Every structure is written in structure tokens, then in C-alpha cells.
Amino acid sequence: MIEVSRRLADEVLFPAAADVDRAAAVPAEHLDLLAATGLYGVRAPASAGGADLDLPTFALVAEALASGSLAIAFVWMQHHGLVRALAAPDAPAGLAADWLPALAAGARRAG
């Protein structure tokens, strides 16, 4: 995941970063690309289809994405607050079952 995020940052995010910063919204295609490469599920549990990365590894992924585009990294990082809340042992089981797989896949996004 670290290498995937570095490659995306170098090849896609950084070349478009100035345009993204000037835009009224982040491009959906960038968020779709993060979803397609599994980056929306990096902190989701494996049982929900995620990679269940530990916090230090997640930080390296976030650092790589931020090196390409702070705006995209900011939007992407917001998603993981809900992912971790629903992955917690005390999370409502029904909500976790309904939301975590789609959040891990990037089919649903949180902020």
C-alpha cells in the first residue's frame, strides 16, 4: 500500500495538485482511483475487505498521498475516522455490518 500510494502521488496527484488546489472541489476521478487501488480500506478490518494496516503504516501511506496533494490526502483521511469508529469493538454491530464493507471498498465515502 505504501508503494501504491507513492506511485499515485508521483504519477497522478502531484502533476494535478495546483489545479486541484484552485478548484472548488477535489476531482471525483482522483477519489475513485484511491478506491480502485484499495486505499479507502487501509484501516478497515480484513473481515470487511480492508487491509487493516497498523497506525505507523497508515501514516506512511498518508504521508505519501500528502506529498502528491494535500487536498486529496485531507479528504481521504477524513474517511478513516468513521472506518475506525465502526471497526471498534463497541460499535453498533448493525451499522458496522451495513457500512464497513462499502467504506472499505470506497463505494461509500465518509468525511
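Colleague: Residue-level account of the overall build of the protein chain, with values.
Modeller: In terms of regular secondary structure, the protein chain is built from five helices and zero strands. For the protein chain, the N- to C-terminal ordering of α and β elements is α-α-α-α-α. In terms of overall size, the protein chain behaves like a compact globule, its C-alpha atoms giving a radius of gyration of 14 Å where 111 residues would be expected to give roughly 13 Å. Summarising its shape, the C-alpha atoms of the protein chain cover approximately 40 × 25 × 20 Å along the three principal directions. Counting over 111 residues, the protein chain shows a buried share of 40%. Of all intrachain contacts in the protein chain linking residues separated by at least 6 positions in sequence, the fraction that spans at least 24 positions is 62%. Accessible area of the protein chain: about 5800 Å², with a carbon and sulfur share of 61%. Here the protein chain contributes 7 positive and 12 negative side-chain charges, whose respective centroids are spaced 2 Å apart.

Colleague: A description of helix α3 (residues 55–68) should follow, citing residues and the corresponding values.
Modeller: Over its 14 residues, α3 runs 20 Å from end to end, which matches the ideal 20 Å to within 8%, given 1.5 Å per residue. Close packing links the buried residues of α3 with α1 (2–22), α2 (28–36) and α4 (70–87).

Colleague: Lay out the nonpolar core with the relevant residues and their values.
Modeller: One finds Leu34, Leu39, Leu65 and Trp76 to be the most contacted residues of the largest nonpolar core, which totals 18 residues. Those elements giving two or more residues to this core turn out to be α1, α2, α3 and α4. Dropping the residues within four chain positions of it, tryptophan 76 is found in contact with Leu34, Leu39, Tyr40, Val42, Phe58, Val61, Ala62 and Leu65. With nine residues, the next largest nonpolar core counts Ala44, Val83, Ala96 and Ala110 among its residues.

Colleague: Go over the environment of glutamine 78, please, and point to the residues and values.
Modeller: Within the secondary structure, glutamine 78 is located in helix α4. For glutamine 78, a relative accessible area of 34% gives the class partly exposed. Linking glutamine 78 and arginine 109, residues 31 residues apart in sequence, is a C-alpha distance of 9.1 Å. Filtering out sequence-adjacent residues up to four positions away, glutamine 78 remains in contact with Ala110 and Gly111.

Colleague: I'd like to hear about a nonpolar patch on the surface, residue by residue, with values.
Modeller: Taken together, the side chains of Leu82, Leu95 and Trp99 present a nonpolar region at the surface, about 240 Å² in accessible area. Positionally, leucine 82 belongs in helix α4.

Colleague: Break down the packing of aromatic side chains for me, citing the residues and quoting the values.
Modeller: Following the criterion strictly, the structure yields one aromatic pair and no others. Aromatic pair phenylalanine 58 and tryptophan 76: ring centres 5.3 Å apart, planes at 25 degrees, arrangement stacked. Highlighted residues: phenylalanine 58 in helix α3 and tryptophan 76 in helix α4, separated in sequence by 18 residues. Residue class for tryptophan 76 comes out buried when judged on its relative accessible area of 0%. Of note, arginine 43 hangs over the ring of phenylalanine 58, and the distance from its end group to the ring centre comes to 5.7 Å. Positioned above the aromatic ring of tryptophan 99, the side-chain terminus of arginine 108 is 4.1 Å from the ring centre.

Conventions used here
Residues numbered from 1 in each chain as written. Predicted model: local features only at pLDDT ≥ 70, side-chain atom pairs only at ≥ 80, totals over all residues. Heavy atoms only, no water. Helix = DSSP H or I, 4+ residues; strand = E, 2+ residues; numbered from the N terminus. Rg over C-alpha atoms; globule rule 2.2 N^0.38 Å. Buried < 20%, exposed > 50% of the residue type's maximum accessible area, 1.4 Å probe, protein only. Contact = heavy atoms within 4.5 Å. Areas by Shrake-Rupley, 256 points an atom, 1.4 Å probe, with all protein chains shown as cover. Lys, Arg positive; Asp, Glu negative; His and termini not counted. Charge placed at Lys NZ, Arg CZ, Asp CG, Glu CD. Expected span 1.5 Å × (residues − 1). Core = buried A, V, L, I, M, F, W, Y, C linked by side-chain atoms within 4.5 Å. Patch = residues over 30% accessible without salt bridge, like charges linked within 9 Å, V, L, I, M, F, W, Y side chains within 5 Å. Salt bridge = Lys/Arg side-chain N within 4 Å of Asp/Glu carboxyl O. Phe/Tyr/Trp six-rings, centres within 6.5 Å; stacked < 30°, edge-to-face > 60°. Lys NZ or Arg CZ within 6 Å of the ring centre and 35° of its normal.

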